[in-house]
Amino acid sequence: MALKAVHVSDVPNLDQVASLALYSTHFSQVAGVEIGTTSFKPSKFLVLGHRGNGMNLLQSADRRMKAVKENSILSFNAAANYPIDFIEFDVQVTKDDCPVIFHDDFILTQEHGTIYERRITDLTLAEFLSYGPQREEGLAGKPLMRNTKEGKIVSWTVETDDSACTLKEAFEKVNPSIGFNIELKFDDHIVYQQDYLVRVLQAVLHVVIEYANGRPIIFSSFQPDAALLVKKLQTTYPVFFLTNGGTEIYYDVRRNSLEEATKLCLEGGLEGVVSEVKGIFRNPGSVNKIKESKLSLLTYGKLNNVPEAVYMQHLMGIDGVIVDFVEEVTEAVCKLVKKPEEVEDEILQEGEDKVQNRPQFSQRELSFLLKLIPELIQ
C-alpha cells in the first residue's frame, strides 16, 4: 500500500451515500447496555468472549486454549452458553469485498512438505473458505497451519474444529441475544490509502446494516484512521479505539499511550477505549481520566483470565473485560460483581457470614493496591 494520509473530513458520511431508511437510529436495551447515537453506557460490568469462547494458543499446555476453533460459529455459540454480554471477533475483507472473520494477516497451509502463506485480503471468498474443515460432506479443505509468536509453524489442531465463516453467517447463525464487538482488523505494518479504508469499512457496514436486526454492536480497531472513519461513516453504533496502552511502541504515536488514545477518542467523537490490561494496571490513574472524559473503558489481555484481576478492574470502575476463559470468568463475575440490591437479597437468603467471604476492600486498601499493582506487573 502506498503511503497516503487519511483526511477524515473529506470522507462522505455513509448516511449521505446509502438509503436513509437503512440508518434508523435506535437504542438497544440488550445485555445491560444502552447503545445509541452518542453513548455507550453499561448498566453492569460486561464480559466479552475473546474470539468467541477464547483464542487458540496452540503451543499452550492449557487444554482450554485448544478446545474450540477460535473465530468460528461453533466458538461463538459455545460462549453464548454462559452469561456473557458480547463476543469479540476480527473482521477482514477479501479481494472480492466479502467481510470474513479471521485474526491473522496471513493464512498458512502445507502442500507436499512446503508451507505456503497468503494474505487474507488478497484472497477471494471462495479461496478463503477452501482452508480448514469444509461444510460440504466429502470435501477436504487445505490443511490449516499457524505461525506462533515464537516463529514456529504448527498444525492448527484443536479438540473441536469448525469451518471458516463470514460476518454475514455470524449474524445469521449466532444466538441473537449476544452482542458483537467487531474488531476491524488491519496490518500493523501497512499505512493504508484512504480509498482502501473506505472501501473495506463500507463493505463491513453494508453487512451490519442488512443483518444486525437490533443486535448490539460495538466497532473497535487498533488502526486509528479506521476507527475515525467508521465513526464518520455511520452514526448508529459506538466505536472504540484499541490500544496496547503503552506496552508496545509503534511508529504512529496515537497508538503508544492511554493519553493519546483518549485524545483520539475525544477529537474523533468515539465512545471509548479498549486497552491491554497491563497498560491500565501500570497506570491506574488513567482510569479516572478516561472516565472523567465521559468515555467507556474495556480491557483485554491474559490477566483478564484471572478472576482476582477482573474483580480489581470492577473496583477501579472499568466497564468490562474481554476474556479467553469464558466459563470460569463469567462464573466468577456472577459471584463477585453484584449490585447493592443483589447483595442485600443474597444476605437475606444466605446469611451475612457467607456473603462476607467475598473479597472486601476499604478505600484505603484499594488505594494501596492501585499503587502496588504497577510494581507487581513490571
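Predicted model only: the values in this text are computed from it and were never measured.

**Re the overall build of the protein**
Logical step 1: A count of helical and extended segments in the protein gives 14 helices and 17 strands.
Logical step 2: Counting over 378 residues, the protein shows a buried share of 52%.
Logical step 3: Here the contacts in the protein between residues at least 6 apart in sequence split such that 67% fall between residues at least 24 apart.
Logical step 4: In the form shown here, the protein has an accessible surface area of approximately 18000 Å², with 51% of it arising from carbon and sulfur atoms.

**A word on the confidence of the model for the protein**
Logical step 1: Of the residues in the protein, 79% reach a pLDDT of 70 or more, and the chain-wide mean stands at 87.
Logical step 2: Below pLDDT 50 for its whole length, residues 14–30 participates in 38 contacts with residues either more than four positions away or in separate chains.

**Some points on the packing of helix α5 (residues 194–211) against helix α6 (residues 224–233)**
Logical step 1: The geometry of α5 relative to α6 is characterised by a closest axis approach of 10 Å and an angle of 55 degrees between their N-to-C directions. Taken together, the axis directions place α5 and α6 in an arrangement best described as oblique. Our pair here, α5 against α6, has a crossing hand that is right-handed. Of the residues in α6, those touching α5 at Leu197, Val198, Leu201, Gln202 and Leu205 are Asp225, Ala226, Leu229, Val230 and Leu233.
Logical step 2: Looking at the contact of α5 with α6 residue by residue, the class counts come to 8 nonpolar, 1 polar and 1 charged.

**Remarks on a positive patch on the surface**
Logical step 1: A cluster of basic residues, Lys149, Lys278, Arg282 and Lys302, forms a positive patch on the protein surface.
Logical step 2: In this fold, Lys302 is placed in the loop between β16 (296–300) and α10 (307–316).
Logical step 3: Residue classification places Lys302 among the exposed residues on the basis of a relative accessible area of 65%.

**Re the side chain of Asp90**
Logical step 1: With respect to the element layout, Asp90 can be found in strand β5 (residues 86–93).
Logical step 2: Judged by relative accessible area, which is 1%, Asp90 ranks as buried.
Logical step 3: Beyond its immediate chain neighbours, meaning those up to four positions away, Asp90 contacts Arg51, Asn71, Val100, Ile101, Phe102, His103, Glu183 and Lys185.

**Quick look at the pairing of strand β15 (residues 272–276)**
Logical step 1: Of all 5 residues in β15, 5 are buried, a share of seventy percent or more.
Logical step 2: Relative to β15, strand β14 (residues 239–243) runs parallel, the two sharing 4 bridges. Along β15, the bridge assignment pairs Leu242 with Val274.
Logical step 3: With helix α7 (residues 258–268) bridging β14 and the parallel β15, this β-α-β connection has right-handed handedness.
Logical step 4: Of the pairings in the sheet, the one linking β15 to β16 comprises 5 bridges and is parallel in character. Looking across to β16, one finds that Glu276 is bridged to Tyr300.

**A short note on the sheet that holds strand β10 (residues 153–155)**
As a general point, the strands of a sheet are linked pairwise by backbone hydrogen bonds and lie either parallel or antiparallel.
Logical step 1: One open sheet accounts for 4 strands, arranged β8-β7-β9-β10; its pairing is antiparallel. On the outer flanks of this sheet lie β8 (114–119) and β10, each paired with one strand and no other. The sheet shows a mean angle of 40 degrees between the axes of neighbouring strands, taken without regard to direction.
Logical step 2: Bridging between strand β7 (residues 106–111) and strand β9 (residues 144–147) involves 2 bridges; their strand directions are antiparallel. Within β9, the residue paired with Thr109 across the bridge is Leu144.

**Brief notes about the pattern of salt bridges**
Logical step 1: Applying the stated rule across the entire model yields 22 salt bridges.
Logical step 2: In this structure, Glu271 and Lys231 form a salt bridge, with 2.7 Å as the shortest nitrogen-oxygen distance. Note that Glu271 is positioned in the loop between α7 and β15 and Lys231 in helix α6, a separation of 40 residues in sequence.
Logical step 3: One salt-bridge network, held together by shared partners, links Arg51, Glu70, Asp90, Asp104 and Arg146.

**Topic: the nonpolar core**
Logical step 1: With 76 residues, the main nonpolar core has Ile182, Val208 and Phe219 as its most contacted residues.
Logical step 2: For this core, the element with the highest residue contribution is α5, accounting for 11 residues.
Logical step 3: Ignoring sequence-local partners within four residues, the contact set of Val208 consists of Leu167, Phe171, Ile182, Ile217, Phe219 and Tyr237.
Logical step 4: Listed in part, the 14 residues of the second largest apolar core include Leu123, Phe128, Val154 and Trp156.

**Comments concerning the environment of Gln313**
Logical step 1: Looking at the secondary structure, you find Gln313 in helix α10.
Logical step 2: The class for Gln313 is buried, based on a relative accessible area of 0%.
Logical step 3: For Gln313 and Val277, which are 36 residues apart along the polypeptide, the C-alpha to C-alpha distance reads 8.9 Å.
Logical step 4: Setting aside residues up to four positions removed in sequence, Gln313 forms contacts with Phe45, Val277, Phe281, Thr299, Asn304, Ile318 and Val321.
Logical step 5: A polar atom in the side chain of Gln313 sits 2.7 Å from the side chain of Asn304.

Conventions used here
Residues numbered from 1 in each chain as written. Predicted model: local features only at pLDDT ≥ 70, side-chain atom pairs only at ≥ 80, totals over all residues. Heavy atoms only, no water. Helix = DSSP H or I, 4+ residues; strand = E, 2+ residues; numbered from the N terminus. Buried < 20%, exposed > 50% of the residue type's maximum accessible area, 1.4 Å probe, protein only. Contact = heavy atoms within 4.5 Å. Areas by Shrake-Rupley, 256 points an atom, 1.4 Å probe, with all protein chains shown as cover. pLDDT = per-residue confidence, 0-100. Axes fitted to C-alpha atoms, helices over the stretch in contact; angles between N-to-C directions. Parallel < 35°, antiparallel > 145°, perpendicular 65-115°, else oblique. Left-handed = near helix turned anticlockwise from the far one by under 90°. Nonpolar A, V, L, I, M, F, W, Y, C, P; charged D, E, K, R; others polar. Patch = residues over 30% accessible without salt bridge, like charges linked within 9 Å, V, L, I, M, F, W, Y side chains within 5 Å. Salt bridge = Lys/Arg side-chain N within 4 Å of Asp/Glu carboxyl O. Lys, Arg positive; Asp, Glu negative; His and termini not counted. Charge placed at Lys NZ, Arg CZ, Asp CG, Glu CD. Pairing = 2+ DSSP bridges. Right-handed = clockwise from strand over helix to strand, strands pointing away. Core = buried A, V, L, I, M, F, W, Y, C linked by side-chain atoms within 4.5 Å. Polar contact = N/O pair within 3.5 Å; in protein donor to acceptor, adjacent residues only side chain to side chain.

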